[in-house]
Number of protein chains: 2
Amino acid sequence: MGDNNKQDIFTPYLYIFLYQLPMEQQIPDRIRIKDIAIMAGVSVGTVDRVLHNRPGVSLASAEKVRKILKEMNYQPNMYASALASNKKYHFVCLLPKHNEGEYWSDVEAGALQCMNEMHDFHITLSMVYYDQYDIDSFVKSIKLVMDKEPDGVILSPVEEDNTKKLTDMLQEKEIPYVFIDSNIDNLEPIAFFGQNSSRSGALAAKMLLMIEPGIKEVVIFRQIYIGRIGTNQQNNRELGFEEYMRKNHPDCELSTIDLAMNNKEHDMEVMRKYFERHENVTIGLTFNSKAYLISEYLQELDKNDFRLIGYDLLEQNVEFLKNGNNIQFLIAQQPHQQGYRAVTSLCDHLIFHKEVEQINYMPIDLLCAENIDYYTSLNK
Amino acid sequence: MGDNNKQDIFTPYLYIFLYQLPMEQQIPDRIRIKDIAIMAGVSVGTVDRVLHNRPGVSLASAEKVRKILKEMNYQPNMYASALASNKKYHFVCLLPKHNEGEYWSDVEAGALQCMNEMHDFHITLSMVYYDQYDIDSFVKSIKLVMDKEPDGVILSPVEEDNTKKLTDMLQEKEIPYVFIDSNIDNLEPIAFFGQNSSRSGALAAKMLLMIEPGIKEVVIFRQIYIGRIGTNQQNNRELGFEEYMRKNHPDCELSTIDLAMNNKEHDMEVMRKYFERHENVTIGLTFNSKAYLISEYLQELDKNDFRLIGYDLLEQNVEFLKNGNNIQFLIAQQPHQQGYRAVTSLCDHLIFHKEVEQINYMPIDLLCAENIDYYTSLNK
């Protein structure tokens, strides 16, 4: 391979925009680093030193070069620089334990896809799992994460105190970390990717009131584990829902059903008892990802006309939505993108030295039978 | 730079997945080309020749190597190979002429962003515009496109006969082309990116029936130019809407208002006349991107309670949606992504030699005041 090629790989470029006739627009032409040097009245070596923050440049020259780089909207050839580096990066992703097809497998698949696409940049990724219903399990996982000596960590946080045990250690070692799903501002992740839960609950309320404007009573199917609501997300969506209802339709009665969602006998008993006392309730919501399970329960109770709003595009949820089995709307939050962009943000921070946006709310996507077919293809 | 670095840049890698304890999963470790050679029982040079389709390998060895590459789910280091090449690519993007902030500026911005991100691969992009209401203008633009001797072309097609004049020339020169917005199957683009218009019209109908289940009459605001509906998309959405209404709510009367949308005096006159005869109509749709303009007309007629469903997230549409000015729902189709992915598909085809999916329906996104804030940030 000749020198010519090497130059094309390792020389940073910049763009200028040349405007021509209104009917045609020429965008953009490349200009070499030597053009910057000419404009700044310095040598090519000086520009190169400024670009790579190397010493040996006078303050005045450095300032001149930086000013011109800025004016020209300069973009370094980041990929080539990173490819030329031999540095290896190991990321650890700490998520709730899950089965294939459950919500978290999409997050994981997104993280893996990004790692896969970035494999030219020497990135590897380890998964560590904790049991989200067992705090000890999260605390134990901290050691597993630290033992891997990661260069960056992605995690779905639990409550603040225990999450802090991990982030304190990471901060001490100056290891950057990213939160997905729910955020804890105080703990200062370099980035957060997740839904604004309260607005998402408000959207569920709006759709409910569109389905049945004069609604008198609605039921919320909760997933409860040892007396507490399963996740931060589920809880915050419910609060957002209640607030919207109080404001826009205060006379509607809200009742709740506490389900285990892993114990059918128990759940069916609870459902039966509820509907004995509330036989006129024909519409409900669930703020977790198990709408399909509630639909199965409802069908055993011969409640085929009961209408349900749920969350997340698990395969079974989508199937029930398409077939019109109870589920009218699903609200989605692009878990695959959350995983993907979490890895991207670590790469941008560590490898490409790009600025990373700290708070990244995901879209609140609204799916029904009419648009579900065209949703998944793009987002996977 | 030492040989060591070169090897890291130009040697293809592959992945293997090592599964460990259930609590931890190691994904993936890199294995060098020499591991493939060992597994196939051939030399490293032989593997390299097979990877780059170079001669000098026996059929039997080539087959053995290919079998192992396939088993190992081999991924070539495409970026490094492409970076090492000196080939330059010039793409031309042929779109309807538009003002800043109109629908097409998002498509253009997406195409430019992708070109920008791929600038390490020597890509440039020229814009050529035609007047979508003047067929002569499209025909004239054909010469402008061909004069640029493009390596690939992106275009938003007009009707089949005139579009074919361009695609025939491109086919003759074996220049690949991509359609955006609407598709003409017969003309065999390497890829199409756009919405399924008829399903999108059905979604509009569904939302209409949710807003007003007992609706008796609805009006469609059309953008008409010299007697014909402005675009393929607008027309096909309307057909999808009508079909859904016929099937689900056949007694609803459909009326239409033909507007120029660039002649306020004319349009207001038409609106006034319509509402003199149809004073009970309080809900309507428009299948083009000018919902904000119709809302402005409606407000001049003191019809602040008139409800409107529209398309596309133009700045003014979004503002009206947020403020509750007539617009209840907007249906969007990710124009930025259409432009972005059109450029990606040309790169994949020409530079990375990846297979390109031919039909790519974009999501049919449903936006209202409750979820609009979180939509735009991700999709730009």
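Everything numeric in this text was worked out from a predicted model, so none of it was measured.

A. Summary view of the overall build of chain A. Of the regular secondary structure elements, chain A holds 15 helices and 15 strands. Classification of the 380 residues of chain A by burial places 57% in the buried group. Pairs at least 24 apart in sequence give 68% of the contacts found in chain A among residues at least 6 apart. For chain A, the computed accessible surface area is about 17,200 Å², with 46% contributed by carbon and sulfur atoms.

B. Main features of the side chain of Q334 of chain B. Position of Q334 of chain B among the secondary structure elements: in the loop between β13 (327-332) and α14 (335-350). In this structure the side chain of Q334 of chain B is engaged in a polar contact, spanning 2.7 Å, whose partner is the side chain of D365 of chain B.

C. Here's a closer look at the environment of L285 of chain A. Residue and element names in this part refer to chain A. For L285, the position within the fold is in strand β11 (residues 283-286). Each C-alpha atom, one on L285 and one on L330, is 10.0 Å from the other, the two residues being 45 residues apart in sequence. Excluding anything up to four places from it in sequence, L285 contacts A204, L208, V218, V219, I220, F221, F241, L308 and I309.

D. Here's a closer look at the packing of aromatic side chains. The final tally for this structure, using the stated rule, is 22 aromatic pairs over all chains. Where F275 of chain A meets F306 of chain A, the ring centres are 5.7 Å apart and the plane angle is 80°; that geometry is what we call edge-to-face. Of this pair, F275 of chain A sits in helix α11 (residues 264-277) while F306 of chain A sits in the loop between α12 (291-300) and β12 (307-311), placing them 31 residues apart in sequence. Between F221 of chain B and F306 of chain B, the ring centres sit 6.0 Å apart and the planes meet at 70°, which makes this aromatic pair edge-to-face. Of this pair, F221 of chain B sits in strand β8 (residues 217-225) while F306 of chain B sits in the loop between α12 (291-300) and β12 (307-311); the two residues are 85 residues apart in sequence, bridging distant segments of the chain. The pair formed by F221 of chain B and F306 of chain B is uniform in burial state, with each residue classed as buried. Taken together, the ring pairs in this structure connect F221, Y274, F275 and F306 of chain A into an aromatic cluster. Its guanidinium or amino end placed over the ring of F275 of chain A, K303 of chain A lies 4.6 Å from that ring's centre, counting from NZ or CZ.

E. Layout of the pattern of salt bridges. Scanning all chains against the criterion turns up 24 salt bridges over all chains. With a shortest N-O distance of 3.3 Å, E370 of chain A and K206 of chain B are connected by a salt bridge. Remark: K206 of chain B occurs in helix α9 (residues 197-211) and E370 of chain A occurs in the loop between β15 (365-367) and α15 (376-379); the pair is interchain, linking two chains. If you follow the salt bridges from partner to partner, you end up with R199 of chain A together with K322 and D373 of chain B in one network.

F. Quick peek at unusual backbone geometry. In this structure, M261 of chain A takes a positive phi of about 70° despite not being glycine. Mapped onto the elements, M261 of chain A comes out in the loop between β10 (253-259) and α11.

G. Layout of the packing of helix α3 (residues 44-51) of chain B against helix α4 (residues 59-71) of chain B. Residue and element names in this part refer to chain B. Closest axis-to-axis distance for the α3/α4 pair is 10 Å, and the angle between their directions is 75°. Accordingly, the angle class assigned to the pair α3 and α4 is roughly perpendicular. Along its contact with α3, which presents T46, V47, V50 and L51, the element α4 presents S61, A62, V65, R66 and L69. Tallied by class, residues from the contact of α3 with α4 come to six nonpolar, two polar and one charged.

H. Broad picture of helix α3 (residues 44-51) of chain A. The complete set of buried residues in α3 of chain A reads T46, V47, V50 and L51 of chain A. Burial along α3 of chain A is one-sided: seen end-on, the buried residues are contained in an arc of 135°.

I. Representation of the confidence of the model for chain A within the structure. All names here are of chain A. Here chain A averages 85 in pLDDT, and 85% of its residues register 70 or above. Across chain A, the element-wise mean pLDDT spans from 29 in strand β1 (residues 14-19) up to 98 in strand β5 (residues 152-155). Low pLDDT, under 50, characterises residues 1-29; the predicted model gives this stretch 86 contacts beyond four residues in sequence or across chains.

J. Quick look at the pairing of β12 of chain A. All names here are of chain A. Extensive coverage of β12 is indicated by the burial of four of its five residues. In this sheet, β12 lies alongside β11 in parallel orientation, the contact comprising three bridges. Residue I283 lies in a different strand from β12, and its bridge partner there is R307. In this view, the connection linking β11 to its parallel neighbour β12 by way of α12 has right-handed handedness. Inspection of the sheet shows β12 paired to strand β13 (residues 327-332) by four bridges, in the parallel sense. Its bridge partner being in β13, L308 is matched across the sheet by I327. In this region the chain leaves β12, passes through helix α13 (residues 315-323) and returns to the parallel neighbour β13; the handedness of that crossover is right-handed.

K. Layout of the side chain of D312 of chain A. Residue and element names in this part refer to chain A. Here D312 lies in the loop between β12 and α13. The buried charged residue D312 lacks any salt bridge partner; its closest oppositely charged side chain belongs to R237, at an N-O distance of 4.5 Å. Polar side-chain contacts of D312 include one of 3.1 Å to the side chain of Q333. Apart from the residues lying within four places of it in its own chain, the contact partners of D312 are Y103, S289, N317, L330, I331, A332 and Q333.

L. Region of interest: the pairing of strand β4 (residues 123-130) of chain A. Residue and element names in this part refer to chain A. Counting buried positions along β4 gives eight out of eight residues, so the element sits mostly inside the fold. Side chains I123, L125, M127 and Y129 project from β4 onto one buried face, and the interleaved T124, S126, V128 and Y130 project onto a second face that is buried too. The pairing of strand β3 (residues 89-96) with β4 spans eight bridges and is parallel. What sits directly across from L94, in β4, is V128.

What counts and how
Residues numbered from 1 in each chain as written. Chains lettered and ligands numbered in written order. Predicted model: local features only at pLDDT ≥ 70, side-chain atom pairs only at ≥ 80, totals over all residues. Heavy atoms only, no water. Helix = DSSP H or I, 4+ residues; strand = E, 2+ residues; numbered from the N terminus. Buried < 20%, exposed > 50% of the residue type's maximum accessible area, 1.4 Å probe, protein only. Contact = heavy atoms within 4.5 Å. Areas by Shrake-Rupley, 256 points an atom, 1.4 Å probe, with all protein chains shown as cover. Polar contact = N/O pair within 3.5 Å; in protein donor to acceptor, adjacent residues only side chain to side chain. Phe/Tyr/Trp six-rings, centres within 6.5 Å; stacked < 30°, edge-to-face > 60°. Lys NZ or Arg CZ within 6 Å of the ring centre and 35° of its normal. Salt bridge = Lys/Arg side-chain N within 4 Å of Asp/Glu carboxyl O. Axes fitted to C-alpha atoms, helices over the stretch in contact; angles between N-to-C directions. Parallel < 35°, antiparallel > 145°, perpendicular 65-115°, else oblique. Nonpolar A, V, L, I, M, F, W, Y, C, P; charged D, E, K, R; others polar. Arc of directions from axis to C-beta. pLDDT = per-residue confidence, 0-100. Pairing = 2+ DSSP bridges. Right-handed = clockwise from strand over helix to strand, strands pointing away. Lys, Arg positive; Asp, Glu negative; His and termini not counted.

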